[in-house]
Amino acid sequence: MNDTNESRQGKDPVRSDDELANLRMLLLSPEQEEIARLRQRLDDPRIRADELSRVLAEAIVIRASTDKKLAQALLPTIEETIKDSVKKDPKFLADAIFPVIGPAMRKAIAESIRSMFQSMNETLSYAFSWKGLKWRLESIQTGKPFAEIVLMHTLIYSVEQVFLVHRETGLVLQHVATTSAGIKDVDMVSGMLTAIQDFVHDSFGASENQILQSLHVGEYSIWVEQGPQVALAAVIQGNPPEELRGKLEDAVEKIEFQQSRVLQEFKGDVTPFATSRYHLESCLVQAKLGMKATGAARQSAAAATQPARTHSKPGLLWLIIGAGLVCLVILILGIIFSLTGR
Amino acid sequence: MTDPIKKKICMLGAFAVGKTSLIKRYVEDLFSEKYHTTIGVKVDKKTVKVDDRTVDLILWDLAGKNGISEMRTTYLRGAAGYLLVVDKTRVNTLDVAMEMHKMAQDMLGKVPCILILNKWDLEGKWDIDEAAIGDLRNSGWYTIKTSAKTGMSVDQAFETLARKLIE
């Protein structure tokens, strides 16, 4: 028996391999075809791409909600893409960003112009008065531009209270005040202020982006600066410079940035906002008659006069006075000559 | 002591259901009622203690309107919950309340709300009957019977709402 087996194997090794292959084919033919098909799918990039495309969107959503690795992984690629896009056609990206930049630019320009006009107005109203003459003298003596002297003598204001308000609910997140200001219940006042803003917005057909920026009553103004989630309302007595608005905007931006997560999750607990009090307190500025604005406002007052420098009215008054003096001199000379000539 | 939790709530209802009289003695108020006719809302405050926490309910009392078309829905923005007030002696105020409820839900989602059946101390021709109230309760409404005159259950209404809000 052994002999026959061995001899059989020894005689036809090739044949037994063939037999094995045939056996495999008979038993496993359907599976082999399946495997061949699968292999084709794996190797063909088009088919792989097609399949991946079907699940790609969902996969991204799932991954993005799990962790931040996807954003990190894509970051270098996106940066390159943006660079290339700008290189290819800068207009494309510029157009895309414009809706964001446009309003921001307009706002900045409008405020800048308002500042210029304010100092111009002040300057003009004093140009032809006795006080104006006195101040011109002062301007010559000190070397400061006339507009700056005017502003210094007329600007009296005091920020008495600042509210930090959650826009959607009208709830007060923080409130600071100079101790002399009377504080009625801040929550109710803020609620009513929010209601008034909603009312004005609804009634006067303002567009989504336009908001009530200031209210005036007697010698009080309330200036409101808004960010996406919070609003800052400053109660000001007197005549504040436009630069103050920049200060309020600055405070809003800082608070929005630092508290962005807390704001999104806000459900009535205001304790996390105590750290923003510093920004609110920096807005409690004052300027007294004859002195530069105190504290942090000093820089902004100096900055305020920069645009005025280029726009102060030329010495029209001096021209008239000069002409008058020349006429007077000619008259006197004329009289002297006529006296001596006689 | 931690700061109180602040919540904005609204009070809605048809004209003359007695919203303002209901709360007058129970809230801190600073502003006169003339704001109802001018801007359509008046803000009051009610401080409530729930267990060991203090909740400041900033209450936006919306001027009563007889239809949702007249409502200023902007005032509902950001509210954490609301009170719907009906006049027990006028059954049509219940319909108005339900319309307002639907509008508020569309805007705010499913937030806590309480149905207040006011003027419970009075009898009238167009009373809302107990069966209707039973139906409301069965369909999930939390209802409270109140009276401005007797002061019945007003504080309870606020406490219940505050509790639901911080759960």
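Cut-offs used in this document
- Residues numbered from 1 in each chain as written.
- Chains lettered and ligands numbered in written order.
- Predicted model: local features only at pLDDT ≥ 70, side-chain atom pairs only at ≥ 80, totals over all residues.
- Heavy atoms only, no water.
- Core = buried A, V, L, I, M, F, W, Y, C linked by side-chain atoms within 4.5 Å.
- Buried < 20%, exposed > 50% of the residue type's maximum accessible area, 1.4 Å probe, protein only.
- Helix = DSSP H or I, 4+ residues; strand = E, 2+ residues; numbered from the N terminus.
- Contact = heavy atoms within 4.5 Å.
- Salt bridge = Lys/Arg side-chain N within 4 Å of Asp/Glu carboxyl O.
- Expected span 1.5 Å × (residues − 1).
- Bend = angle between axes of the 7 residues up to and from the residue.
- Buried area = accessible area lost by both parts, 1.4 Å probe.
- Polar contact = N/O pair within 3.5 Å; in protein donor to acceptor, adjacent residues only side chain to side chain.
- Pairing = 2+ DSSP bridges.
- Axes fitted to C-alpha atoms, helices over the stretch in contact; angles between N-to-C directions.
- Phe/Tyr/Trp six-rings, centres within 6.5 Å; stacked < 30°, edge-to-face > 60°.
- Lys NZ or Arg CZ within 6 Å of the ring centre and 35° of its normal.
- pLDDT = per-residue confidence, 0-100.

Ranked by size, the top nonpolar core spans 87 residues in total, and within it A:V159, A:V162, A:L232, B:L12, B:W60, B:Y82 and B:F158 carry the most contacts. Top contributing element to this core by residue count: helix α5 (residues 154-166) of chain B, with 7 residues. When near neighbours in sequence (up to four residues on either side) are disregarded, A:L232 contacts A:V162, A:F163, A:L164, A:W223, A:V224, A:E225, A:L248, A:A251, A:V252, A:L280 and A:C283. Residues A:F163, A:V186, A:A233 and A:V235 belong to the second largest nonpolar core, which totals 9 residues.

In this section: the pattern of salt bridges. Applying the stated criterion across every chain yields a total of 23 salt bridges over all chains. With a shortest N-O distance of 2.9 Å, A:E34 and A:R37 are connected by a salt bridge. Taken as a pair, A:E34 and A:R37 lie in helix α2 (residues 13-43) at a separation of 3 residues, close to a single helical turn. Put simply, B:D51 and B:R163 hold a salt bridge, and the shortest N to O gap is 3.5 Å. Of this pair, B:D51 sits in the loop between β2 (41-50) and β3 (53-62) while B:R163 sits in helix α5, and the two are 112 residues apart along the sequence. What makes B:D51 exposed here is its relative accessible area of 59%. Take B:R163: its relative accessible area is 37%, and that puts it in the partly exposed class. Among the charged side chains, a salt-bridge network with shared partners connects A:D185, A:D187, B:K6, B:K45 and B:D56.

Let us look at unusual backbone geometry. Residue and element names in this part refer to chain B. Even without being glycine, A16 reaches a positive phi, approximately 60°. With respect to the helices, strands and loops of the structure, A16 is situated in the loop between β1 (5-13) and α1 (19-24). Of note in the backbone geometry, K119 takes a positive phi value of approximately 65° without being a glycine.

The next thing to look at is helix α4 (residues 69-88) of chain A. Every α-helical turn comprises 3.6 residues, leaving residues that sit three or four positions apart pointing alike. Its 20 residues give α4(A) an end-to-end C-alpha distance of 29 Å, which sits within 8% of 28 Å, the value for a rise of 1.5 Å per residue. Taking the largest bend as the criterion, α4(A) deviates by roughly 40°, centred on A:L75, and proline A:P76 comes between one and four positions later.

Another point: the interface of chain B and chain A. Residue-level contacts link 26 residues of chain B with 24 residues of chain A. Summed over both sides, the interface between chain B and chain A buries roughly 2,300 Å², with carbon and sulfur atoms accounting for 63% of that surface. The three residues of chain B that bury the most area against chain A are B:K6, B:L30 and B:R77, which together make up 27% of that side's buried surface. Taken together, chain B and chain A are joined by 4 salt bridges. For the salt bridge of B:R77 with A:D198, the shortest nitrogen-to-oxygen distance reads 2.9 Å. Summed over the shared surface of chain B and chain A, the number is 8 residue pairs in polar contact (both at pLDDT 80 or more). When residues of the side of chain B that touches chain A are traced back to their parent elements, those giving at least two are β1, α2 (34-38), β2 and β3 of chain B. With 5 residues, β2(B) is the largest single contributor of residues to the side of chain B that touches chain A.

Residue and element names in this part refer to chain A. For helix α8 (residues 186-203), with 18 residues, the first-to-last C-alpha span of 25 Å sits near the 26 Å given by 1.5 Å per residue. Within α8 the residues assigned to the buried category are V186, D187, M188, S190, G191, M192, L193, T194, A195, Q197, D198 and F199. Two to three positions downstream of the cap, the backbone nitrogen of D187 sits 3.0 Å from a side-chain oxygen, assigning the N-cap of α8 to D185. Following α8 by one or two positions, G205 adopts a phi angle in the positive range, close to 55°.

Looking now at the sheet that holds β1(B). The strand order β2-β3-β1-β4-β5-β6 (chain B) describes an open sheet built from 6 strands, whose pairing is mixed. With partners counted over all chains shown, the strands left at the sheet margins are β2 and β6 (143-145) of chain B, one partner each. Between one strand axis and the next, the sheet turns through 25° on average, direction left out of account. Taken strand by strand, α8(A) contacts β1, β2 and β3 of chain B, and its axis lies near 145° from that of β2(B). Along the sheet, helix α3 (residues 92-108) of chain B contacts β1, β4 (81-87) and β5 (113-118) of chain B; its crossing angle with β4(B), the most-contacted strand, is approximately 170°.

Residues and elements named next belong to chain A. Along the chain, R277 falls in helix α11 (residues 277-281). Sequence spacing of R277 and V162 is 115 residues, and the spatial spacing of their C-alpha atoms is 9.7 Å. Apart from the residues within four sequence positions on either side, R277 is in contact with Q174, H175 and V176. A distance of 3.3 Å separates a polar side-chain atom of R277 from the backbone oxygen of H175.

Right, let's get into the packing of aromatic side chains. Any two aromatic rings considered together are summarised by their centre-to-centre distance and by the angle between their planes. The final tally for this structure, using the stated rule, is 2 aromatic pairs over all chains. Their ring planes at 75° and their centres at 5.9 Å tell us that A:F266 and A:F273 sit as a pair that is edge-to-face. Their ring planes at 55° and their centres at 6.1 Å tell us that B:W60 and B:Y75 sit as a pair that is tilted. With B:W60 in strand β3 and B:Y75 in the loop between β3 and β4, this pair connects stretches of sequence that are 15 residues apart. Neither B:W60 nor B:Y75 differs from the other in exposure class; each is buried. For A:R245, the ring lying beneath its charged end belongs to A:W223, and the centroid distance is 4.6 Å. Sitting over the face of the ring of B:W120, B:K88 holds its NZ or CZ atom 5.2 Å from the ring centroid.

Residues and elements named next belong to chain B. Summary statistics for chain B give a mean pLDDT of 85 and a share of 98% for residues scoring 70 or more. In the model of chain B, α2 stands out as the element of lowest mean pLDDT, 82, in contrast to β1, which has the highest, 92. Scoring the predicted complex yields pTM 0.61 and, for the interface, ipTM 0.84.

Now for the pairing of strand β5 (residues 230-238) of chain A. Residues in a regular strand point their side chains to alternate faces of the sheet. Residue and element names in this part refer to chain A. Among the 9 residues that make up β5, 7 are buried, leaving the element largely enclosed by the rest of the structure. Pairing of strand β4 (residues 220-226) with β5 involves 7 bridges; the strand directions are antiparallel. Paired with V224 across the two strands is A233, which belongs to β5.

Below, the discussion takes up the pairing of β3(B). All names here are of chain B. Of all 10 residues making up β3, 9 are buried, and the element is well covered by its neighbours. Where β1 lies against β3, 7 bridges are found, and the strand directions are parallel. If you follow M11 over to β3, its bridge partner there is D61. Both β2 and β3 contribute to a ladder of 10 bridges, which runs antiparallel. Paired with K42 across the two strands is D61, which belongs to β3. The loop that links β2 with its antiparallel partner β3 comprises 2 residues; one of these, D51, has a positive phi angle of about 55°.

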